[in-house]
Amino acid sequence: MHLGNYLGLLESSEQQLTKAFEHVARKHRDEPDIEQMCRKLSAWSREHRGRVLPFVAKYSEEKSDEPKDLRRDLFSEKRRGSLALLRDLHDLWLLTQEVQLCWTVIRQATLALRDEDLKAACAYCQPRTQRQTEWLLGRIKQAAPQTLLVAE
Amino acid sequence: MTENRDSILDIWGPRTPYFGEWPERVDERTTEEPDHWVQSACVLCSNGCGCDIGVKDGRIVGVRGRAVDRVNHGRLGPKGLHGWEANNSPDRLTTPLIRRNGQLVPATWDEAMGLLVAKSKELIEQHTSSSIGFYTSGQLFIEDYYTLGVLGKAGLGTPHMDGNTRLCTATAGAALKISFGTDGQAGSYADLDTTEAVLLVGHNMASQQTVLWTRILDRLAGPNPPRLVVIDPRRTFTAEQATVHLAPRAGTNVAVLNGLLRLLIENGHVDYDFIENHTVGFEELVKTVGKWTPERVEALTGVPAGQLQAAAQILGTCRTLVSTVLQGVYQSMQGTAAAVQVNNINLLRGLIGSEGNAILQMNGQPTSQNTRECGADGDLPGFRNWDNPAHIYELARLWNVHPDKIPHWAPPTHAMQIWRYCETGSIKLLWIQATNPVVSMPELGRIRKILEQKGLLVVVQDAFLTETAQLADIVLPAALWGEKTGTFTNTDRTVHISHKAVEPPGQARADFDIFLDYARRMDFRDQDGAPLIKWDTPEEAFEAWKACSKGRPCDYSGLSYARLSAGSGIQWPCNEEHPNGAAHLYPDHQFNTHADYCESYGYDLVTGAETSPEAYRAHDPNGRARLLAADYEVPHEQPDADFPLWFTTGRVVYHFHTRTKTGRARALQQAAPEAFVQLAAEDAARYDIAEGDLVEVASRRGRATAPARIGGIEPGLVFMPFHYGAWGQAADAPARAANELTLTEWDPVSKQPHFKYAAVRIRKTNA
């Protein structure tokens, strides 16, 4: 059974997303809405990871050390100026996709497994991951024209 | 010379007790006998009282209420009776000014407009029209806003147009869109004439809309008086009349409202037929409010459980209910979420769309309704949906431009983001009209810095050299109310005409003429090469707006200058179906939520993310109202060891906005000449502060100093009025503007800034 493997992947992805939201909140604290919202959404991912941990322990017989730290390849420290915000939101969006897909895969398995507790965790967390994605997408759409066409 | 009541001493005037038909009482104040009267309506709050302007020898000499008007039945408040004096003020701007070598010096209109147009063209060439932003007002007329909306959206094609209405009324619009599909108040002021109960949430009506409050006082003095539930952390004039007054801690509105909703459900005081047939979202709402027991509400908000139950009993058993909401909700943490919960109270009870039932998501300014309707703020004209291509095509056809000329790739930029783009340098020209952000925006130190920034051309269009105009590069002198003709709409959808009574001073021009001049000089054209803006007079602009509004909820097509001038205020929608206007929207409980018709596809109340068209269509409410639930969230800044007190801001009855007009009316200025710091007796004792002592209030962002006023407020909370800036102060006096202290952050949905909470510390400075 590879469920433990995937739960590990999910747990790690939520942790990376937690840190990434915090990183963006700190880096862009001059953008008041970015700072506040990224802190809030970071807390969501922290909570999700907490919900996942017991299942990682429960299904831990075969845990993989994946994924590589995706975050290392994202969020280049060198980014400066107005493009940095757009690129950082872009990378956050990519990370939420990783988390979203993990939840989808695990939810499929959970339905077949009939683990009611894990099913409840999926039902709670997955829509919130979707809401993280939607906020990022909206903010990216708003920032894109001004950043690409007007800002220096 | 007539003054038939002293509105300074007796703000609301003598009682005319009633039930059913509000008696007339004509208030009048003139300083000389007018040689003629000119029809108008008051612009010193969002109430929109019909009035006539008295004119003698080409000067305004007074006003009187219009007895025939449905809004005020002849009454006027202290601001209305006195505020007109500002028109005659000797310090009116009478000529354009241009900054040369650091000094603002007089210039001709040709020089000022020539410079503005040359700079606009240069910026468009180098940086696209997205380098130009507009920060307009809630004080102009329909004709001004619509012209501005068209020149911005279809002429320049910039998404950056919003107004100070973002500070006062954005949450009203957002909450109405969320619950009912589009903006527009469901009820009328006349619902107060018979209603059994009134719920006022964060709305100090007695000070804000004094004439509307008079209507309630007259009901309270008559047979079958309504019961009043007031939610406000201060013991305001309004709260003093309450049957039940709930005084929650700052930032806890959602918890109180969820507690009330829970009690309504638990007590069985909900209309299950209505909920089943006319709403969506009930189950989720039940789930969300379930944990807010009276005890839990008391622990968090400080509102005693028994009082919450008493309030719920009134709200649950009244057969008719008028609910009103204002800045105490809009400018607090979770503004939109809380405003929507007030809608939910009326919806759970099915009390909407009929006599005695209203939800008034109040406006702060006299014409902010029109900023929203006409597309001069972050909305599209006619309550159209920026995310619905069919709505964009309608506008493109109407204006005869290519649809992609109209910015619709994202929601129109909200004011707080416009200021942020100015700060980061991507907006390089900011045109401010009829508002004074250097006093009214949050965190004033930041606003001054932005306006002083090199590389930002600041254009200010105003009647006075305000704190903001003093920082401008170009100042355009504008005509005031009474010096130009136009129409505007109050909170309860009543449209008034205000005729030109006198000439503006010097070279001051009507805002409408300034916008037209800009459009002509910029040579904005439609697809066929004809001038984009096809009107030359306010009346022609009104006709164009009628065409734009036709078929939308705010349908003006049955109105005309002639009709408005023949009678008095008329409500929209006014069309073939409702030739005399409609007192209620949604009489059949069919709401404007159809996917093809709605103004917004909705929001996530927590993140503010907009729902996608696909997601909305998949669950099209199709005419049902939406019960959207929200759970309580902790405010972002809370008192701590360094800043141990809560801070909130608000108004005094004698002033409006930043006192630009009311500070120039002698009696109003004398009645409230100075800012103050209000604090509870307990806190005053702790800090050894006596009445009148100078108190410095400090936050992480700045300081403000004013004399102490003790009492009438919850312990732990400090209040300052937001009206007072540097104007009228001695040069060496310490800053006294409340907004030196406030936070730069905003509601995720409506983007309205949070003026109603911050953490501060205080100290006595005249020891």
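It should be emphasised that the depicted structure is a prediction, and the values quoted were computed from it without experimental measurement.

Let us now look at the overall build of chain B. Tallying secondary structure elements over chain B gives 26 helices and 28 strands in all. On the principal axes, the C-alpha backbone points of chain B span a range of 65 × 65 × 55 Å. In chain B, buried positions account for 68% of the 767 residues. Long-range contacts, defined here as pairs at least 24 residues apart, represent 75% of the contacts in chain B between residues at least 6 apart. Looking at charge distribution, chain B has the averaged site of its 72 positive side-chain charges lying 3 Å from that of its 90 negative ones.

A tally of helices and strands in chain A yields 5 helices and 0 strands. The N-to-C order of helical and strand elements in chain A reads α-α-α-α-α. By the compact-globule yardstick of 15 Å for 152 residues, chain A fits well, its C-alpha radius of gyration being 16 Å. Taken along its principal axes, the extent of the C-alpha atoms in chain A is 55 × 25 × 20 Å. Scored against the burial criterion, the 152 residues of chain A give a buried share of 51%. Across chain A, the fraction of contacts at a sequence separation of at least 24, relative to all contacts at a separation of at least 6, is 81%.

What follows concerns the nonpolar core. Residue and element names in this part refer to chain B. The biggest cluster of nonpolar side chains holds 210 residues, and the ones touching the most others in it are Trp431, Leu476, Tyr518 and Val697. Per-element accounting of this core gives the leading share, 9 residues, to helix α9 (residues 253–266). Sequence-distant contacts of Trp431, defined by excluding residues within four places in its chain, comprise Leu116, Gly133, Phe134, Tyr135, Val459, Gln461, Leu476, Ile514, Phe515 and Tyr518.

Okay, the interface of chain A and chain B next. The extent of an interface is frequently quoted as the accessible surface area lost upon association of the parts. In this assembly, 22 residues from chain A lie in contact with 25 residues from chain B. Roughly 1900 Å² is buried in total at the junction of chain A and chain B, and carbon and sulfur atoms are behind 54% of that figure. We note a salt bridge from Arg420(B) to Glu31(A), for which the minimum N-O separation is 2.9 Å. Scanning the region where chain A abuts chain B turns up 10 residue pairs in polar contact (both at pLDDT 80 or more). With 11 residues, helix α5 (residues 116–150) of chain A is the largest single contributor of residues to the side of chain A that touches chain B. Residue classes in the side of chain A that touches chain B are distributed as 10 nonpolar, 3 polar and 9 charged.

Time to look at the pairing of strand β19 (residues 486–489) of chain B. Residue and element names in this part refer to chain B. Burial along β19 is two-sided: the face carrying Gly486 and Phe488 and the face carrying Thr487 and Thr489 are both buried. The sheet contact formed by β19 and strand β20 (residues 494–498) spans 4 bridges and is antiparallel. Note that in β20 the partner of Phe488 across the bridge is His496. The antiparallel hairpin formed by β19 and β20 contains 4 residues in its connecting segment, where Arg493 sits at a positive phi of about 70°.

Moving on to the domain arrangement of chain B. Residue and element names in this part refer to chain B. Entries for chain B in the domain assignment read domain 1 (2–88), domain 2 (97–167 + 367–571), domain 3 (170–362 + 590–624) and domain 4 (645–764). For domain 2 and domain 4, the distance between their C-alpha centres works out to 31 Å. Contacts between the two partners involve 23 residues from domain 2 and, on the opposite side, 25 residues from domain 4. Summing both sides of the interface, domain 2 and domain 4 together bury roughly 2000 Å²; the carbon and sulfur share of this comes to 60%. Interface area lost by domain 2 to domain 4 is led by Val439, Glu443 and Phe464, which between them contribute 25%.

What counts as what
Positions within a chain are numbered from 1, following the residues in the order the chain's sequence is written. To label them, take the chains in the order written and letter them from A, then take the ligands in the order written and number them from 1. With the structure being a predicted model, the display of local features is reserved for residues of pLDDT at least 70 and the display and counting of side-chain atom pairs for 80 or more, all residues being used for whole-chain, interface and lining totals. In computing side-chain properties, one takes all heavy atoms of the structure into account and sets aside hydrogens as well as water. Under the scheme used here, helices are H or I runs from DSSP no shorter than 4 residues and strands are E runs no shorter than 2 residues, and both carry numbers assigned from the N terminus. Three exposure classes are used, based on accessible area relative to the maximum for each residue type with a 1.4 Å probe and protein chains only: buried under 20%, partly exposed in between, and exposed over 50%. The contact definition used throughout considers only heavy atoms, calling two residues in contact when any of these lie within 4.5 Å. As used throughout, the charge tally considers Lys and Arg to be positive and Asp and Glu to be negative, leaving His and the chain termini uncounted. Note that the charge is assigned to NZ on lysines, CZ on arginines, CG on aspartates and CD on glutamates. C-alpha atoms define the radius of gyration, and 2.2 Å times the number of residues to the power 0.38 defines the globule rule. Here, the term nonpolar core denotes a set of buried Ala, Val, Leu, Ile, Met, Phe, Trp, Tyr and Cys residues that are joined through side-chain atoms within 4.5 Å. In this description, buried area is defined as the sum, over both parts, of the accessible area (probe of 1.4 Å) that is lost when the two are combined. Just to be clear on terms, a salt bridge is a Lys or Arg side-chain nitrogen sitting within 4 Å of an Asp or Glu carboxyl oxygen. A 3.5 Å cut-off defines polar contacts: any pair of N or O atoms within that distance qualifies, except that in protein one atom must be a possible hydrogen donor and the other a possible acceptor, and neighbouring residues in sequence count only when both atoms are side-chain atoms. By the convention adopted, Pro, Cys, Tyr, Trp, Phe, Met, Ile, Leu, Val and Ala count as nonpolar, Lys, Arg, Asp and Glu as charged, and the other residues, Gly among them, as polar. Pairs of strands are assigned from DSSP output, requiring at least two bridges between the strands. An automatic or database domain assignment provides the domain bounds reported here.

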